Amino acid sequence: MKQQTTFLGQPRGLGTLFFTELWERFSYYGMRAILLYYIIAKVSAGGLGMNHSMGLAIVSIYSSMVYLSSIFGGFLSDRILGAWRTVFIGGVLIMFGHITLALPFGRPALFVSIALIVMGTGMLKPNVSEMVGSLYSLNDTRRDAGFSIFVFGINFGAFIAPLLVGQAAKMFNYHIGFLLAAIGMFIGLIVFHTASRKSLSKATYYPTDPIQPEDIRPLIFKSIYGLTAIILIIILMYLYDALDLKAIILLLSILAVMVPIVYFVTMLTSRKTTHEERSRVRAYIPLFLAAMLFWSIEEQGAAILALFAHDQVRLPIWLNAAWFQSLNPMFIMLYTPIFAILWVKLGQRQPKTPTKFGIGLLFAGISFLVMALPGFLFGINGLFSPWWLILSWALVEIAELLISPVGLSATTKLAPRAFRSQMMSMWFLSDATASAINAQIVQFYTINTEVRYFTVVGSITLLAGLLLLTQVKKISNAMVGID
């Protein structure tokens, strides 16, 4: 089929997916920019009145479940619904999740909303990215440029969302802010539904690996076993008087940590994995752990750093605490062309993948050590300059560009032939696992413990980076033929 070049020299479908994902990210990051503030604000101020510790844990486990659900979304697309239907239904669920939060129904609305957005994002996000790839043949020279444009859309949506949603929440109330996030997703759905029929391949309407009749019975039994196990665990928690929010968050955290362990054991013990592939999977484990440490710090931007911005930063009257959430995508957009030029200029002389990961961990660790400095230097009782937060984000986003795109590339290269799709899920799981661990450790953060918290977490990450740099040769050799 002849590709039309009607969107910045790219296939027409890229424009559809660009704006769909832009508005989906607008809704996600807009909601996340004010979520913690809504949870911890007093009821008289329009919030839920929950304590800071629980608010931080909820935001963290929410992020974890969003990435964990991408496995389910990929399965639905590949085996049952096809990419188009999975993306559209996911967008509808996200929109209704935001609408639920826009209604003044208190805590029940919060948990219903989180459930809807988790399911919806898991269905939409990985499959939109997959649809971008389907627009190009493997030899199409526009492919990398197309993905670069798509990623810019992601970051632009994430950049403007906290600015607009945060201001709406400040000028009116939190529910208006959540409503604005819902409107963003609604616009994305309109774009996707109206433009996709003319710009996307008909193949996106059908599953790539449709489930066969003989697969239905085992799938039903596995689902029943899983559901039964969940029900039994809930019953046991109830009988032992442990069925509270904190225990549920702990249970979800354990689940998110166990899933990648099961994946690694499965790949390493499978007869489908060759000796060389098994070595590559072992080489991937330290990279996975490094990514997990990085994402742990990165994802605390919407939790710990958001709380710091709210409680301890000297804000000019025109500055909204939620606006700090725009720093992440802003620095990504600023740094991306610099790194692209750097890697091209270095060519074969650029650092190996484990080296990039190690250096990335150093920047991530230093970004948290920077956050320990104001409390250490000036005490914890005053308000600090916003430049501490800006510097911290500027450092951690260098780490992201050393780890995130490099990790995606390494994941595709090191994947065993029989586990290519599952290996891609592993990359999302590094973020899910990190956020699950965050859901537990952020509960130790208070103003009184902040210097110790930033120092310990930053130092562990820094030391892990140094350790990884000492193992570069060993890891590279284990990759067996992969540069």
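Cut-offs applied
- Residues numbered from 1 in each chain as written.
- Predicted model: local features only at pLDDT ≥ 70, side-chain atom pairs only at ≥ 80, totals over all residues.
- Heavy atoms only, no water.
- Helix = DSSP H or I, 4+ residues; strand = E, 2+ residues; numbered from the N terminus.
- Expected span 1.5 Å × (residues − 1).
- Buried < 20%, exposed > 50% of the residue type's maximum accessible area, 1.4 Å probe, protein only.
- Polar contact = N/O pair within 3.5 Å; in protein donor to acceptor, adjacent residues only side chain to side chain.
- Phe/Tyr/Trp six-rings, centres within 6.5 Å; stacked < 30°, edge-to-face > 60°.
- Lys NZ or Arg CZ within 6 Å of the ring centre and 35° of its normal.
- Contact = heavy atoms within 4.5 Å.
- Core = buried A, V, L, I, M, F, W, Y, C linked by side-chain atoms within 4.5 Å.

A. Spotlight on helix α2 (residues 52-68). Its 17 residues place the ends of α2 24 Å apart at the C-alpha level, agreeing with the 24 Å of an ideal helix rising 1.5 Å per residue. Among the 17 residues in α2, 15 count as buried, and that is most of the element. Between the side-chain oxygen at the start of α2 and the backbone nitrogen of Ser53 there is a gap of 3.2 Å, and the oxygen is on Asn51.

B. Structural context of the packing of aromatic side chains. Taken as a whole and judged by the stated rule, the model has 25 aromatic pairs. Judged by centre distance (6.0 Å) and plane angle (40 degrees), the rings of Tyr28 and Tyr62 are tilted. Remark: Tyr62 occurs in helix α2 and Tyr28 occurs in helix α1 (residues 12-40); sequence separation between them is 34 residues. For Tyr62, a relative accessible area of 1% translates into the label buried. When the centroid spacing of 6.3 Å and the interplanar angle of 35 degrees are considered together, the rings of Phe221 and Tyr225 count as tilted. Here Tyr225 and Phe221 lie together in helix α8 (residues 213-239), a separation of four residues that amounts to about one turn. Accessibility expressed as a relative area gives 37% for Phe221, which makes it partly exposed. Members of the aromatic cluster, connected to one another through ring pairs, are Phe308, Phe368, Phe384, Tyr445, Tyr453 and Phe454. Looking at Lys356, its charged tip hangs above the ring of Trp343, at a distance of 4.0 Å from the centre.

C. The environment of Gly82, seen in detail. Within the secondary structure, Gly82 sits in the loop between α3 (70-81) and α4 (83-102). Distance from Gly82 to Pro207, taken between C-alpha atoms, is 3.9 Å for residues 125 residues apart in sequence. Apart from residues lying up to four places away in sequence, Gly82 is in contact with Leu76, Ser77, Thr204, Tyr205, Tyr206 and Pro207.

D. The nonpolar core, seen in detail. Within the largest apolar cluster, 113 residues are counted, with the highest numbers of intra-cluster contacts made by Ile39, Tyr62, Tyr284, Phe357, Leu389, Met426 and Phe454. Residues in contact with Phe454, not counting those within four places in the same chain, are Ile304, Leu305, Phe308, Phe368, Leu369, Met371, Ala372 and Tyr445.

E. Up close: unusual backbone geometry. Non-glycine residue Asp241 carries a positive phi angle of around 55 degrees. Relative to the assigned elements, Asp241 resides in the loop between α8 and α9 (245-269). Accessibility expressed as a relative area gives 72% for Asp241, which makes it exposed.

F. Structural detail: the environment of Ile99. Here Ile99 lies in helix α4. On the basis of relative accessibility, which here comes to 29%, the residue Ile99 falls in the partly exposed class. When the C-alpha positions of Ile99 and His175 are compared, they lie 8.8 Å apart, and in sequence the two are 76 residues distant.

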